[in-house]
Structure formats: C-alpha cells, structure tokens
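# Notes for the structure review
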Amino acid sequence: MLFRIYTVFYLLLYLFVTFDPKAIVHYGVWEAIDIVVMLVSLAGMAAYTFQFRIINRRFWEYFFYLFIIFEMVYMTWLQFPLLEKLHLNDHVAASNLINTVMLLPIVYALFRLQQRWNTMFPAAGTKPPLDGVV
C-alpha cells in the first residue's frame with residue numbers, strides 16, 4: 001500500500017515540477033529526452049505497482065539498464081547546461097542526492113517488473129499460481 005501511495009505521489013510531483021512554465025522555457029534537448037525516459041520509467045513503476053500490463057517483458061529487461069545508465073550520465077554530465085541557466089550550480093550535490101534517493105524505488109520497481117512478469121501476467125491458457133507462490 002505504501003508503494004502505491006509513493007507511486008502516485010512521485011508521478012504527481014514529477015509532473016508538477018517538470019512542467020512548471022517557469023522552468024520549461026529553459027529546457028533543451030537532453031531535458032526533453034530525460035522527460036521521455038522518466039515518463040516511461042514511471043509508467044513501468046505504475047505497471048508494477050498496480051499490476052497492469054504495458055508493453056512487454058523484453059522491453060522492460062532492456063529499459064531497466066537503459067534507464068540506469070541514462071540517469072547516471074544525465075545527473076553527472078548532461079544536466080549542467082540547465083543548471084547553469086537556472087543559476088543552481090551551487091546545489092548540484094544536494095540535487096543529485098535527492099534525485100538518487102527518489103529514483104531508487106523506480107529502479108526497484110523496474111527490476112521487479114521484469115523479474116516477476118510471468119507471475120504477475122500469466123500466459124493465456126495457464127492458471128495463475130495460488131497466493132503468488134510459484
């Protein structure tokens with residue numbers, strides 16, 4: 001239940017912060033790519049949390065690694081032009097720490113989504129396991 005609340009909270013917070021009209025005018029190409037990657041990852045987190053099937057397992061297997069690599073590169077290198085435009089160079093370390101802590105549940109959800117795919121979404125014609133026991 002707590003994970004469901006966190007998922008809804010994070011999605012609403014992300015949409016509120018990301019699409020703020022004052023900040024969106026400063027976004028560049030990397031921020032647009034980051035928004036797409038984050039929205040897909042949030043869709044994966046919601047798919048895991050609320051157990052609805054979106055895309056397929058193979059996509060989430062690859063996207064898990066793509067997400068981690070892209071977010072690491074973005075936080076260590078690609079976000080600096082935006083931070084310079086917003087005059088937030090002094091707050092990079094705190095921002096990265098907060099982002100990392102808030103991304104951990106997303107990483108967990110994406111990892112568990114592709115790991116538990118067959119249990120959560122049994123193939124057609126097969127019975128789901130009783131009480132989640134495989």
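Structure shown above.
What counts and what doesn't
- Residues numbered from 1 in each chain as written.
- Predicted model: local features only at pLDDT ≥ 70, side-chain atom pairs only at ≥ 80, totals over all residues.
- Heavy atoms only, no water.
- Core = buried A, V, L, I, M, F, W, Y, C linked by side-chain atoms within 4.5 Å.
- Buried < 20%, exposed > 50% of the residue type's maximum accessible area, 1.4 Å probe, protein only.
- Helix = DSSP H or I, 4+ residues; strand = E, 2+ residues; numbered from the N terminus.
- Contact = heavy atoms within 4.5 Å.
- Expected span 1.5 Å × (residues − 1).
- Salt bridge = Lys/Arg side-chain N within 4 Å of Asp/Glu carboxyl O.
- Phe/Tyr/Trp six-rings, centres within 6.5 Å; stacked < 30°, edge-to-face > 60°.

### Focus: the nonpolar core
Nonpolar side chains tend toward joint burial in soluble globular proteins. Within the largest apolar cluster, 27 residues are counted, with the highest numbers of intra-cluster contacts made by Tyr 10, Met 38, Phe 67, Leu 103, Ile 106, Leu 110 and Leu 113. Of the residues forming this core, the biggest block, 8 residues, is contributed by helix H4 (residues 57-78). Sequence-distant contacts of Leu 103, that is, excluding residues within four places in its chain, are made with Tyr 10, Met 38, Phe 67, Glu 71 and Met 75.

### With respect to the side chain of Thr 18
Checked against the element boundaries, Thr 18 lands in helix H1 (residues 2-18). Assessed through its relative accessible area of 7%, Thr 18 is described here as buried. In contact with Thr 18, other than residues within four places in its own chain, are Ile 24, Tyr 27 and Ile 35.

### A short note on helix H6 (residues 92-115)
Structural remark: α-helix, 3.6 residues per turn; residues separated by three or four positions point the same way. With 24 residues, H6 ought to run about 34 Å at 1.5 Å a step, and its terminal C-alpha atoms sit 33 Å apart, in line with that. Residues of H6 that are buried: Val 92, Asn 96, Met 102, Leu 103, Pro 105, Ile 106, Ala 109, Leu 110, Leu 113 and Gln 114.

### Observations concerning the pattern of salt bridges
Tallied over the full model, the rule gives 1 salt bridge. Its salt-bridge partner being Arg 57, residue Glu 61 comes within 3.1 Å of it at the nearest N-O pair. Of this pair, Glu 61 and Arg 57 both sit in helix H4, 4 residues apart, which is roughly one turn of the helix. Its relative accessible area of 22% is what places Glu 61 among the partly exposed residues.

### What about the packing of aromatic side chains?
Two aromatic rings are characterised by how far apart their centres lie and by the angle between their planes. Scanning the entire structure with this criterion turns up 12 aromatic pairs. When the centroid spacing of 5.0 Å and the interplanar angle of 75° are considered together, the rings of Phe 64 and Tyr 65 count as edge-to-face. Counting every residue linked through ring pairs, the aromatic cluster contains Phe 59, Trp 60, Phe 63 and Phe 67.

These values are about where atoms sit, not about what they do.
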